[in-house]
Amino acid sequence: MGELTESGVVDAVGKELFIGGKWVPSSSGRTFAVEDPATGRVLCEVADASPEDGKAALDAAVAAQADWAKTAPRERSEILRRAYELLNSRVDELALLMTLEMGKPLAEAKGEVAYAAEFFRWFSEEAVRIDGGYQVAPNGAGRFLVTKQPVGPCLLITPWNFPMAMGGRKIGPAIAAGCTMVIKPAEQTPLSMLALAAILTEAGLPAGVLNVVTTSDPGGVMEPMIKDGRARKLSFTGSTAVGRKLLEQCADKVLRTSMELGGNAPFLVFDDADLDAAVEGAMQAKMRNIGEACTAANRFYVQRGVADEFARRLTERMSALPLGRGTEPGVVVGPLIDADAVAKVTELVADATSRGAKVLTGGATVDGPGNFYQATVLTEVPRDARMASEEIFGPVAPISVFDDEDEAVAAANDTEYGLVSYVYTNDLKRALRVSEALEAGMIGLNQGIVSNPAAPFGGVKQSGLGREGGTVGIDEFLETKYIAVSL
Ligand code: NAP
């Protein structure tokens, strides 16, 4: 591609469904619009799949499964490695495309493309390390052979907030394990996934292994596929409310599930913490992705001795963040995904202030066009404020004060979610004690970002089931088979 232009990167992407290695229009002929959340402008139209198109995509995945499962692990590994290299060679255009459809600042979009690429590198390394076993039976007479096989055709559903990385985190291990798949990206951000499908094809992925359906009717298209009986697994990333519904649907044919759901991350700062590091970590944990991350710090609990100073420094940093369209240089606070997201943040802030919270900076929307909300710090946020139990999904940092460790841990755990918790302390014993006591799948210990393709990502409680990434990530796409051997 020559010089990068906004229309150029949008024009370069396939807008049709990707089924059986071919780009095809929706059987209904319908399309839906993809908008730039910073301007409200329509970027393009993409194919709007019908339930029949969903079935065709599943047919293609089922048809490709047997041959794909037989490919040499090294062959799958090399496809993944090529995808990693292609993604990195096209960071600029893919990042611009992502910023246009999702709104995040360009620098963050580049970070996400690199992060997505890392899943392909990691799983290219895992594809050739699928292990098994040979064991003498306890009675000494028999032998146990243990081997791992691909689960089979998978259904993958991803959210809009990380339009490429959430797909990479599922597609990478599915390819490595030898599974075929149908993926449905979020309606608001289908373009990054369509671009990824083209890159994987260029990397040598055979027809039918990855099928992409874009649709404005996610329930109508996915439910028949889930209940069809031929897909063997559903891997979902999105809200807990939708995850619950999908788990019920999966019960019908007893599909295996991986569920990466919502979060409500507490961020604990103890009196003995390195305050510079805590403020830096708070900025990352809160403002990554404009606060629209499942891992976003949703509640700040700060010990009384450092609470005022922490609030002062965080306010100083938050009030200095440049706000604007993500394509503009230096912007940190891009638009939220849509008007509903702005309305939700507005409602949660109004609820907190009506219960006594004080606004230290921000606290308001920004005149359009676009869906902007100011970077905001609230203090004296009471524990019964709605934002203490609901995902804010925006650039709002609510601070509450605590006096002792037990109180902090109890407040942190007082949620149905359990994805990630952040802890800032310089006391090693406290660090380990609190890390063990927190009900979360992941802990950021003196660290504001936990995501890493080489580490097991996932939550407990209603934040989900299963792990993505790390050495266990591929297991989600493998079945263990035991062969009892009589000698
Ligand atoms: P969402 O509304 O649950 O949507 C996620 C995906 O599910 C989208 O592709 C959506 O399609 C689809 N969907 C919606 N209803 C469906 C149905 N009835 N059947 C099948 N698919 C359906 O979540 P979101 O607003 O896009 O994403 C934000 C949520 O994701 C937050 O709760 C966040 O915490 C969570 N998240 C979790 C992780 C993690 O790893 N734990 C990572 C990122 C995000 P449409 O786009 O067409 O609605």
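Residues numbered from 1 in each chain as written. Predicted model: local features only at pLDDT ≥ 70, side-chain atom pairs only at ≥ 80, totals over all residues. Heavy atoms only, no water.

As recorded in an unreviewed UniProt entry, the chain goes by the name NAD-dependent succinate-semialdehyde dehydrogenase, listed as coming from Amycolatopsis deserti. According to its UniProt record, the chain has this under Sequence similarities (unreviewed entry): "Belongs to the aldehyde dehydrogenase family." (UniProt positions renumbered as here; feature names shortened; annotations may be inferred.)

## Focus on the nonpolar core
Counting 66 residues, the largest nonpolar core has F120, I171, M181, L200 and L210 as the members making the most contacts within it. If you tally residues by element for this core, the top one is helix α5 (residues 106-126), at nine residues. Core analysis: the next-biggest nonpolar cluster, separate from the first, contains 54 residues, F267, M283, F310 and V377 among them. (Core = buried A, V, L, I, M, F, W, Y, C linked by side-chain atoms within 4.5 Å. Buried < 20%, exposed > 50% of the residue type's maximum accessible area, 1.4 Å probe, protein only. Helix = DSSP H or I, 4+ residues; strand = E, 2+ residues; numbered from the N terminus.)

## What about the packing of helix α13 (residues 405-413) against helix α14 (residues 428-437)?
Where α13 contacts α14, the axes come no closer than 10 Å and their chain directions differ by 30°. On the basis of the axis angle, α13 is roughly parallel to α14. Crossing angle aside, the handedness with which α13 passes α14 is right-handed. On α14, the residues that touch E405, V409 and N413 of α13 are R430, R433, V434 and A437. When grouped by side-chain class, the residues that make up the contact of α13 with α14 number three nonpolar, one polar and three charged. (Axes fitted to C-alpha atoms, helices over the stretch in contact; angles between N-to-C directions. Parallel < 35°, antiparallel > 145°, perpendicular 65-115°, else oblique. Left-handed = near helix turned anticlockwise from the far one by under 90°. Contact = heavy atoms within 4.5 Å. Nonpolar A, V, L, I, M, F, W, Y, C, P; charged D, E, K, R; others polar.)

## Things to note about the UniProt feature "domain: Aldehyde dehydrogenase" (unreviewed entry) in the chain
Within the UniProt annotation, "domain: Aldehyde dehydrogenase" (unreviewed entry) is assigned to residues 23-483. Each end of residues 23-483 is marked by a C-alpha atom, and these two atoms are 42 Å apart; helix forms 40% of the span and strand 20%.

## Quick look at the packing of aromatic side chains
The full count for this structure, using the stated rule, is nine aromatic pairs. Pairing F270 with F402 gives two aromatic rings, centres 5.3 Å apart and planes at 75°, and the pair type is edge-to-face. Note that F270 is positioned in the loop between β12 (265-269) and α10 (275-287) and F402 in strand β16 (residues 396-402), a separation of 132 residues in sequence. Using a relative accessible area of 0% as the deciding quantity, one classes F270 as buried. On the basis of relative accessible area, F402 is assigned to the buried category, the value being 0%. Joined through ring pairs, the aromatic side chains of F267, F300, F310, Y422 and Y424 make up one cluster. The ring of F477 is capped by K233, whose NZ or CZ atom sits 5.1 Å from the centre of that ring. (Phe/Tyr/Trp six-rings, centres within 6.5 Å; stacked < 30°, edge-to-face > 60°. Lys NZ or Arg CZ within 6 Å of the ring centre and 35° of its normal.)

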